[in-house]
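Understanding the architecture of this molecule
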Amino acid sequence: MKLKRVQFNNLIRMYYMLSHVSRPDKQNLFPIVQGGLDEEKRRACARELVEREVPGFAIGGLSGGEEKELFWRMVLASTEVLPADRPRYLMGVGFALDLVVCSALGVDMYDCVYPTRTARFGSALVARHPGSLNLKNGKYQDDFR
């Protein structure tokens with residue numbers, strides 16, 4: 001019963017935001033799929049959100065500290081329900097492996113700390129093998145490419 005009340009209150013807030021705050025010419029507001037680590041709650045939430053006229057969907061409620069298999073199962077439980085013709089945005093990804101796996105699971109967009117955190121420690125991400133460069137290595141001291 002409590003879950004239904006929380007869901008209802010969240011829908012009311014979402015409708016308010018979409019009708020009073022939304023600036024579709026400048027920004028998009030995506031409702032967030034929740035459900036914690038419960039696949040059925042995630043699917044139920046996603047099914048409810050799909051009924052709304054929104055430009056895309058966010059997948060939230062995951063900390064990234066979960067066991068990888070469980071994290072990926074929760075992402076899949078969400079993307080299986082969300083339509084492929086609208087963006088699916090995964091919030092708070094922290095590892096390169098998650099970017100690759102979750103893209104394969106149907107996620108389109110991310111906010112990700114990985115590139116910033118990696119750069120903070122002197123690495124640059126590159127498309128070629130091995131995928132990153134240690135910029136603290138002396139051979140890059142005068143390389144400004």
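Our subject in this report is the structure included herewith. The shown structure was predicted, so the numbers you read here are calculated from the model rather than taken from an experiment.

Glancing now at the packing of helix H2 (residues 39-50) against helix H3 (residues 68-79). Viewed as axis vectors pointing N to C, H2 and H3 meet at an angle of 30°, and their least axial separation amounts to 8 Å. Classified by the interaxial angle, the pair formed by H2 and H3 is roughly parallel. Considering the relative orientation of H2 and H3, their crossing is right-handed. Residues Glu 39, Arg 42, Arg 43 and Ala 46 of H2 lie in contact with H3, whose contacting residues are Arg 73, Met 74, Ala 77 and Ser 78. A per-class count over the contact of H2 with H3 returns three nonpolar, one polar and four charged.

Mapped onto the fold, Glu 66 is located in the loop between strand E2 (57-59) and H3. There is a polar contact of 2.7 Å between the side chain of Glu 66 and the backbone nitrogen of Ser 63.

Our next topic: H3. Helical periodicity: at 3.6 residues per turn, an α-helix aligns residues three or four positions apart in one direction. In this model, H3 (twelve residues) spans 16 Å end to end at C-alpha, consistent with the 16 Å of a helix rising 1.5 Å per residue. Within the span of H3, buried status applies to Phe 71, Trp 72, Met 74, Val 75, Ala 77, Ser 78 and Thr 79. Packed against the buried residues of H3 are strand E1 (32-33), H2, E2, strand E3 (88-93) and helix H4 (96-104).

Rules used in this analysis
Throughout, a residue's number is its position along its own chain's written sequence, starting from 1. It should be noted that, the model being predicted, local features are given only for residues of pLDDT at least 70 and side-chain atom pairs only at 80 or more, the latter also being counted only at that level, while totals for whole chains, interfaces and linings use all residues. Side-chain measures were taken over the full set of non-hydrogen atoms in the model, leaving aside hydrogen atoms and water. Axis definition: a line fitted to C-alpha atoms, over the contacting stretch in the case of helices. Angles run 0 to 180 degrees between N-to-C directions. In this description a helix means any DSSP run of H or I spanning at least four residues, a strand means any run of E spanning at least two, and both kinds are numbered starting from the N terminus. Note on terminology: angles under 35 degrees are roughly parallel, angles over 145 are roughly antiparallel, angles of 65 to 115 are roughly perpendicular, and the others are oblique. By definition, any crossing whose near helix is turned counterclockwise from its far helix by less than a right angle is left-handed, and any crossing with a clockwise turn is right-handed. Note on definitions: a residue-residue contact is assigned when non-hydrogen atoms from the two residues lie within 4.5 Å. Under the scheme applied here, ten amino acids are nonpolar (Ala, Val, Leu, Ile, Met, Phe, Trp, Tyr, Cys and Pro), four are charged (Asp, Glu, Lys and Arg), and all others, including Gly, are polar. Identification of polar contacts relies on pairs of N or O atoms within 3.5 Å, with a donor-acceptor requirement for protein atoms, meaning one able to donate a hydrogen and the other able to accept it, and with residues adjacent in sequence counted only if both atoms are side-chain atoms. Expected span of a helix: the number of residues minus one, times 1.5 Å. In this scheme, a residue with accessible area under 20% of its type's maximum is buried, one over 50% is exposed, and one in between is partly exposed, where area comes from a 1.4 Å probe on protein chains only.

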